[in-house]
Amino acid sequence: MNKLDHYTPKLVVLLKDKEGVVGTKLRAHLDKLCQVNNRSDVTENILKILVIHGADGEDPVDVSILLDGAEILPGCCNTAKACALLRGLIYALNLAYFPKLRYTFEVFQKLFLELDVIKLSPKVQALKLKLLS
């Protein structure tokens, strides 16, 4: 999971530099990442990692995985562990990737977890080259 920490700063810069319609949509999601999460929107998402920060806003107080609005894995300790548990949960339950999130899960699996790194799709390969430059 150290690759996640390694790539995150460059990935955030790449996403903030996007322009056009895609950049506008990404900015809204990046702004959400900077906001304090609460449990008010848990029913809006099918699958979600919920990170609750303390009063200082720095370290997470609680990290949980939600499925269909229900908290199924509470107390994951940190976001990296929750991501790994989410990946295992998807595998164990034999869930199909959401078509809109196909590349997200491929990046997570092949760049951050370094599983099956030989077979990268062209989009993921292009992202990897940008992150390494």
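Residues numbered from 1 in each chain as written. Predicted model: local features only at pLDDT ≥ 70, side-chain atom pairs only at ≥ 80, totals over all residues. Heavy atoms only, no water.

Undergrad: Which residues make up the overall build of the protein, and what values do they have?
TA: Each helix and strand in the protein was counted, giving five helices and three strands. The N-to-C order of helical and strand elements in the protein reads α-α-β-β-β-α-α-α. A buried classification covers 25% of the 133 residues belonging to the protein. Long-range contacts, defined here as pairs at least 24 residues apart, represent 31% of the contacts in the protein between residues at least 6 apart. Counting every atom, the protein has about 9200 Å² of accessible surface; 59% of that belongs to carbon and sulfur. (Helix = DSSP H or I, 4+ residues; strand = E, 2+ residues; numbered from the N terminus. Buried < 20%, exposed > 50% of the residue type's maximum accessible area, 1.4 Å probe, protein only. Contact = heavy atoms within 4.5 Å. Areas by Shrake-Rupley, 256 points an atom, 1.4 Å probe, with all protein chains shown as cover.)

Undergrad: Please set out the packing of helix α3 (residues 79–92) against helix α4 (residues 102–112) residue by residue, giving values where relevant.
TA: As a packed pair, α3 and α4 sit with axes 12 Å apart at the nearest point and diverge in direction by 115°. In terms of orientation, α3 and α4 fall into the roughly perpendicular class. Where α3 crosses over α4, the two elements pack in a sense that is left-handed. In this structure, α3 contributes Cys83, Ala84, Arg87 and Ile90 to the contact, and α4 contributes Phe105, Phe108 and Gln109. Tallied by class, the residues present in the contact of α3 with α4 amount to five nonpolar, one polar and one charged. (Axes fitted to C-alpha atoms, helices over the stretch in contact; angles between N-to-C directions. Parallel < 35°, antiparallel > 145°, perpendicular 65-115°, else oblique. Left-handed = near helix turned anticlockwise from the far one by under 90°. Nonpolar A, V, L, I, M, F, W, Y, C, P; charged D, E, K, R; others polar.)

Interpretation note: all reported values are geometric properties and have no functional meaning in isolation.
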